[in-house]
Structures are given as C-alpha cells and as structure tokens.
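Each chain, written out:
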Protein chains: 2
Amino acid sequence: MKVLVIGGDGYCGWATALYLSNRGYEVGILDSLVRRYWDMQLGVDTLTPILPIQERIQCWQALTGKTIDLFVGDITDYDFLIKSLRAFEPGAIVHFGEQRSAPYSMIDREHAVLTQVNNVVGTLNLLYAMKEDFPDCHLVKLGTMGEYGTPNIDIEEGYITIEHNGRKDTLPYPKQPGSFYHLSKVHDSHNIHFACRIWGLRATDLNQGVVYGVLTEETGMDERLINRLDYDGVFGTALNRFCIQAAIGHPLTVYGKGGQTRGFLDIRDTVRCIEIAIANPAEAGEFRVFNQFTEMFSVGDLARKVQEAGKSLGLKVEIHHLENPRVEKEEHYFNAKNTKLIDLGLHPHYLSDALLDSLLNFAIKYKDRVNQNEILPKVTWRR
Amino acid sequence: MKVLVIGGDGYCGWATALYLSNRGYEVGILDSLVRRYWDMQLGVDTLTPILPIQERIQCWQALTGKTIDLFVGDITDYDFLIKSLRAFEPGAIVHFGEQRSAPYSMIDREHAVLTQVNNVVGTLNLLYAMKEDFPDCHLVKLGTMGEYGTPNIDIEEGYITIEHNGRKDTLPYPKQPGSFYHLSKVHDSHNIHFACRIWGLRATDLNQGVVYGVLTEETGMDERLINRLDYDGVFGTALNRFCIQAAIGHPLTVYGKGGQTRGFLDIRDTVRCIEIAIANPAEAGEFRVFNQFTEMFSVGDLARKVQEAGKSLGLKVEIHHLENPRVEKEEHYFNAKNTKLIDLGLHPHYLSDALLDSLLNFAIKYKDRVNQNEILPKVTWRR
C-alpha cells in the first residue's frame, strides 16, 4: 500500500514516514518545508541538529535499502498537489501538513489569517483532488483534542448522542477551540465531514493530544535520522519543553495555576495510531473521528513529574508559574474518551520514569544547542 | 448612533441601510461591489433595474435629505478596512459583506476556496480591527439557519444545554451545514465566538432564514431606490424565484420531493430584526445568537401557495420536480426556535395572500427583463 505523508518533514510526520516505511508501506513525503522557513523568520531552532529532508531520505535508504519518494511543494498550490498525487498514486494520505502552533496563530492578524487560510485551503484542495482523481483513497487527517475545548461534560470521539425535548440524534460534538490555530482544525473537520457526506469520500480525523518524546525505533537508528524537538515559546509543547528546561537548569514554565488538563501521548504511539487508522480504513462516505491520546495530565502534574525525574538524575529543578499568556480555564473538568484506537489494537506506551529519564538525558546531550532567549512565551492571547 | 452596513449594496444590505437611515441612524455603506461583478461573470442579472450605488445614495439624499457615507472597497484588504472604520467611527457594524450563495460556492474548487477565504478573512479582519480600535463597537453578523442543517432534534438559538453521563453544560449547537458557503458561516461563527471570549468583543450572530419579498417602505419610495431581486439558478432563492417563474409562465422548479423545510422571513422583518439587534446590543464578551426567521415552510408548500396565488391573478402555474442538484434530505424533521427577536419586539409580517399578490404583480411588471436561460440550476453538489 502506498501512503503519502503530507508534512513528512515535521516532528510527527518524519517519525510516521520512517515507521510506515519500516513496516513495509511504500511511503512518499510531500512537504513545502515552510516550517523550517518559519523557524528562521522567528529566530528559533529545534534542539536537535536535523539534516535537510533530501539527506534524511538518502540516509534512510543507505541504512535500510528502502526508498521514500519526495515531493517538495505546497498543497495550497492545487496544480502541484494534483501532479504529485497523480505521480505517486496513494492508497492513503496522512495529512500533517498544516501550521500547527497555537501561539504562532496568535502572533497577530497576519499570522491568524495565514494559519486559517493555509490550513483550510490546503485541506479543501486535498478534498477536491481526492474527489476528482482518488475517490477511494483514505484521508487520515490530523485534528487536535484542542478542538473540543474544556466542556463540563465528558468528551466523546467526534459525535455525541443528544436527547432533547423527547427526541434524539447523534450530532457532531460541539467545539470550543482555544486559538485561531485550533479553530482552523475545527473548520477543517466541518469541511471534511461535508465532503464525505456529499462525495462519498472516506476520512479519519485524528484528534491528537499533546505529543511527547523524541525517539522512535527508526529515528533512533542513526543521528542523521534524528527528529526535531521544539522547546521555544512558539512551537514547544508542555512535556518536551519541561525536559529541556530541566536539562539546562531553567525553571519549568507553567502557565497560570497549571490545572489545565489535556490528553497526552508518546510519539511512539502517534506513529502506531496512524498505522492503525491506515490498516482499518473508514468506509466510503464515512467521516470517522478518533481521539488520539493515551493519558490525561494537568500541566502542573507534568511539571512535578519532570522535577522528580530530574532529582533522580541530580538536577535541581524549579517550577515557575508564569502569568498565563493564553485565555483558558486553569481549573476545569476534563474527561475525554479514547477507546476507539485501543479497540483497534493500540497498546499505549504510558508515561514512565524510564521515558522521562531517557528524554532528560537526550535533552542533556544537546543542551549546548539551547538558546535561552527562545524559551519564554512572547505571544499573548489578549493583545 | 452611527451604523456601518458592510455589503450595503446587496439585497438585504440596501434595504437595511435605507431603513436605518430613515429611522434616524447615521448610516455608512461599505461595499466592494463584487457581487455586481460576479453577476457579470456568470451572465446573470437581477429582475429589477438597479442603479449604481452612488446614484442610489444621491437619490436617497434628494428624496429625504439624509446622507449615507460610502466606502467602496474590500474588507479582505485590511488597510482599506481600518481606514474606513477610522473615518466613519461606527457604534455598530452590520456585516452582510460575504459571498452568500450556496450554489456559487459549489461551482468548483476555485469558487469553494474563494467563498471560504473571502468570508473567513473578511470577518477575521473585522474582528482584529474592532479589537484594535473599536473594542466597544457591536458586531451584528449575518449567519444563516443553514448552519444547523436538519438535525432530528429541535434547533435552539445558537446553544444547547446537554445532560450527559450525569453532568450538564450549555454548548454551541452542533452544526451540519450543507454547502461550502454554509460552512464558511459556521467557520465565522466559531471565530467570532472565540474573539468575544478572549478580547471581550460584543457580537450578535443572526442566523437568518430564507428572505422573500422586495418592497420595503424605503426602497418602494422611488424606482431609483429599487432593490435587487434574484431569480437565477445561482443567486435566486425559493419563494422569490417561484413568483418570477409564475409571472413568466415558467414551471416552478422544486428540487426533488420538495419536503425540504426551512425558516423564512419577509424582507421587511429582516430590516426590523437588524434594528432590534442594534438597539439591544450584546454585552461585552458576549457572543449572542438569534434565529432570524418568522415561519417554517417546506419548499413544496411554498410552490403550492404560489400556484394558488397565481390562479387568483389568472396565471396558470405548473410545478415541476427537478432532480435535486443538492445533497440534502428531502423529508426530515425540522423544528427551530425563534423567540429571542420576538421577545425583543419583532412583530412578524407572516406570509399572506396580499404579499404573494404584491410580489407576483411586481414580477409581472418586470417580466420582460427575465432571461429564461438563467432560471434552471446548473450547479450540482455531487460533481
């Protein structure tokens, strides 16, 4: 089976492309490389020394004998997209190719517009391309748990059955996203759902939690295959950033009270979840939603776990509560369902002391690459 | 109070601008006039001979002594938008300025992308402009009843209280829009809701039903103030189109079985609803949703009403059931709430024989302007 990984040069995308290649799928990577460009513009960089995508792929072939096709370009350019699809002929498309940072989308009006236009138009183009030439192809689209916000009732997987005034229906779960980025994913979900309904396309929306970790079997084979690991205030995410902060002796930056609870998962589970979705495609006309996370933690809990793990490695780790740059509830109910991927065979890597040790040691190995000026959040929601 | 009507050259916008001006509001019209350009590109035209916006406004001033400021430009151009707002200094902004046709958005990929980018970016720009310079201004945004789709439970006004697994919350009503146009309005609603939440903006989302009729007190004062009336397959809507078809002896074009039920309202109620929203602004931080329609009809019911009204005028009116160009349920439950505007003082003009007579006679008056080739739907959802 041929799988095209859009955004295959990114954090989740690169790990997924290699994992699928290793598992025997014929993999293509389509990526505009614009994320590397945004890093330059913002003056930020991944902790890890990542090679150009062309060299990464050459290295993978040298090590394993497996080839990965590369299409460099932007899916908002429909001509490029359709030509690439016709050349590759995918049976499944994994779509990571979006601007994926909430703070980036909140920098200013231009970045909000860029994020929504980039993400919505890219996905619309993909839907039209599938309708035209690849109606049986399975779209595996990355959504986010952040689409749901923090409602005071249990979060179901994409849909909720509502009884109201003596009648009943199963409807899309209400969405209360918390940034212009998260909103773009909600827009995508509605657009994809519609395309499945009217054109009979098949799609799986993976509402992913916050991903942590860096090593997968494949990216750990050789330093030239190393994955990116973001710790800066724009692209860094909670647990990964904490480990890097601990490694360099920087206080862990908890926003506000730290009671914000979210779904999390190990990157080794991300790649497996994608494979599960591909191996069990949605039906024609079906818009299927899986919540892709394995455990729920509050941000404060994670900081304390990193503090403790750091102690066992001899690191003195402080926790600082910063004024919250975001507008979000800092204490709230949060209970989200995540049984669908487990029912299909996911065996989670739960967060362990071993993982924290490994991630901390990884961060220590590369700590000389850290730029202290990149760490604190500079983007605020209110202004 | 100064009210800026964005899209004030259009069907609802023009009627609203004159009504508000007549009621003593200081009115400005901001319009890119792109709708007139799209008509040219599609080779369609309104039934009525509408004057250029500049002449319409001059005529209004000559008749009433009231001035209307005019800003010609596009709100997707932020510089133009912010300059216009700073020049006019509105206390309320009525936003009709979007691509508003479902079939137009379904012509092809380009029109789907144009519709979503145009509508979403225009509204995002407006939100940022308000945040920057007019944080107390009240945004009155035109949404559509089509955002809800046709769920099997009662449709509430914007939000629904859900009891689930022993807990309870009031959440945004789930949306199942039926075209890329309707989707763009759902995207807008989510974006505006978020902006109210994080920036404390005040907004009213008017989920309007299908508007019918053409005469308001103001647009009927002089033929030079006449409103547009669309009957073509792209911009025409159910009841108005039926009356024009009846006037020229064309069979009424009911799509499919005709059991599609929707909310409808008289254009004289549209303008009054806008005034009610302006006169009772949302609170700071509030995203308020009103369902703006007065009655529910199935498309088949409306065709039969027009047939009967035509008979009394001596017209022989046939009803044809065309193969449905859309993907939608043709028989379904539909019960939507609409009490909020009535509670604030709306006295509806319910659909009457008198209105149908008047609309039919109006159509007969201009029937020589009808282009028969424009009537049938050419855009289909499935392909």
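Thresholds applied
Residues numbered from 1 in each chain as written. Chains lettered and ligands numbered in written order. Predicted model: local features only at pLDDT ≥ 70, side-chain atom pairs only at ≥ 80, totals over all residues. Heavy atoms only, no water. Buried < 20%, exposed > 50% of the residue type's maximum accessible area, 1.4 Å probe, protein only. Helix = DSSP H or I, 4+ residues; strand = E, 2+ residues; numbered from the N terminus. Contact = heavy atoms within 4.5 Å. Polar contact = N/O pair within 3.5 Å; in protein donor to acceptor, adjacent residues only side chain to side chain. Buried area = accessible area lost by both parts, 1.4 Å probe. Salt bridge = Lys/Arg side-chain N within 4 Å of Asp/Glu carboxyl O. Core = buried A, V, L, I, M, F, W, Y, C linked by side-chain atoms within 4.5 Å. 1 Å grid on protein atoms, 1.4 Å probe; cavity = no way out; pocket = protein on both sides within 12 Å on 5 of 7 lines; lining within 4 Å. Points joined across faces, edges and corners; volume = space filled by probe spheres on them. Nonpolar A, V, L, I, M, F, W, Y, C, P; charged D, E, K, R; others polar. Least-squares fit on C-alpha atoms with pLDDT ≥ 70 in both. Phe/Tyr/Trp six-rings, centres within 6.5 Å; stacked < 30°, edge-to-face > 60°.

**What about helix 8 (residues 238–248) of chain B?**
Residue pairs three or four apart in sequence face the same way in an α-helix, which turns once every 3.6 residues.
Residues and elements named next belong to chain B.
So, point 1. Counting buried residues in helix 8 gives 11 out of 11 residues, a clear majority hidden from the surface.
So, point 2. For helix 8, the set of buried residues is Ala238, Leu239, Asn240, Arg241, Phe242, Cys243, Ile244, Gln245, Ala246, Ala247 and Ile248.
So, point 3. On the buried face of helix 8, the contacting elements are helix 1 (11–22), strand 9 (210–212), strand 10 (252–255), strand 11 (261–266), helix 10 (299–312) and helix 12 (353–365).
So, point 4. After helix 8 finishes, the residue Gly249 shows a positive phi value of roughly 80 degrees.

**Focus on the side chain of B:Gln116**
So, point 1. Its place among the elements puts B:Gln116 in helix 6 (residues 109–133).
So, point 2. One polar contact links B:Gln116 to B:His187, side chain to side chain, over a distance of 3.3 Å.
So, point 3. Every residue in contact with B:Gln116, bar those within four places of it in the chain, is listed here: A:Val120, A:Leu124, A:Asn191, B:Val121, B:Phe180, B:Leu183, B:Ser184 and B:His187.

**Things to note about the interface of chain A and chain B**
So, point 1. Facing 52 residues of chain A, the contacting portion of chain B comprises 52 residues.
So, point 2. In this assembly, chain A packs against chain B so that about 4,900 Å² is buried in total across both faces, 63% of it on carbon and sulfur atoms.
So, point 3. Run the count over chain A and chain B and you get zero salt bridges.
So, point 4. The interface formed by chain A and chain B contains 21 residue pairs in polar contact (both at pLDDT 80 or more).
So, point 5. Broken down by secondary-structure element, the contributors of at least two residues to the side of chain A that touches chain B are helix 6 (109–133), strand 6 (159–164), strand 7 (167–172) and helix 7 (180–199) of chain A.
So, point 6. Per-element tally for the side of chain A that touches chain B: the top contributor is helix 6 of chain A, with 12 residues.

**Describing the nonpolar core**
So, point 1. Counting residues in each nonpolar core, the largest one holds 116 residues, and the members touching the most others are A:Ile93, A:Phe180, B:Ile93 and B:Phe180.
So, point 2. Among all residues touching B:Ile93, those that are not within four sequence positions of it are B:Leu4, B:Ile6, B:Leu85, B:Leu126, B:Met130, B:Cys137, B:His138, B:Leu139 and B:Val140.
So, point 3. Core analysis: the second largest hydrophobic core is formed by 73 residues, B:Ile50, B:Leu142, B:Ile226 and B:Tyr231 among them.

**Regarding empty space enclosed by the protein**
It is a probe the size of a water molecule, rolled over the atoms, that shows where empty space is left.
So, point 1. On inspection of all chains with the given rule, the structure shows four cavities of 30 Å³ or more.
So, point 2. Of the pockets and cavities examined, the largest cavity occupies roughly 260 Å³.
So, point 3. Taken together, 26 residues form the lining of the largest cavity, with A:Tyr173, A:Lys175, A:His190, B:Lys175 and B:His190 sitting closest to its centre.
So, point 4. Every element with two or more residues in the lining of the largest cavity is listed here: helix 7, strand 8 (202–208) and strand 12 (287–292) of chain A together with helix 7 (180–199), strand 8 (202–208) and strand 12 (287–292) of chain B.
So, point 5. In the lining of the largest cavity, the residues fall into 12 nonpolar, 10 polar and four charged.
So, point 6. In this structure, the second largest cavity spans a volume of roughly 60 Å³.
So, point 7. Considering the residues around the second largest cavity, the lining is formed by A:Gln116, A:Val117, A:Val120, A:Val121, B:Gln116, B:Val117, B:Val120, B:Val121 and B:His187.
So, point 8. Of all the secondary-structure elements, those providing two or more residues to the lining of the second largest cavity are helix 6 of chain A together with helix 6 of chain B.
So, point 9. Its residues placed into classes, the lining of the second largest cavity shows six nonpolar, three polar and no charged.

**Structural notes on the relation of the copies chain A and chain B**
So, point 1. With an RMSD of 0.0 Å, the fit of chain A onto chain B corresponds to turning through 180 degrees and sliding 0.0 Å along the axis. The symmetry that links the two subunits is that of a two-fold axis.
So, point 2. The fraction of interface residues of chain A whose copies in chain B are also interface residues reaches 100%, indicating that both copies meet through the same surface.

**Focus: the packing of aromatic side chains**
All names here are of chain B.
So, point 1. Inspection of every chain in the model, using the stated rule, returns 20 aromatic pairs over all chains.
So, point 2. Consider the rings of Trp38 and Tyr104, whose centres lie 5.0 Å apart with planes at 35 degrees: the pair is tilted. Taken together, the residues Trp38 in helix 2 (residues 34–42) and Tyr104 in helix 5 (residues 102–105) connect sequence positions 66 residues apart.
So, point 3. In this structure Tyr104 comes out as buried when scored by relative accessible area, which is 2%.

**What to know about unusual backbone geometry**
Outside of glycine, negative phi angles account for most residues, and trans bonds account for most peptide bonds.
So, point 1. The backbone phi angle of A:Leu33 is positive, close to 65 degrees, even though this residue is not glycine.
So, point 2. Considering the arrangement of structural elements, one finds A:Leu33 in the loop between strand 2 (26–31) and helix 2 (34–42).

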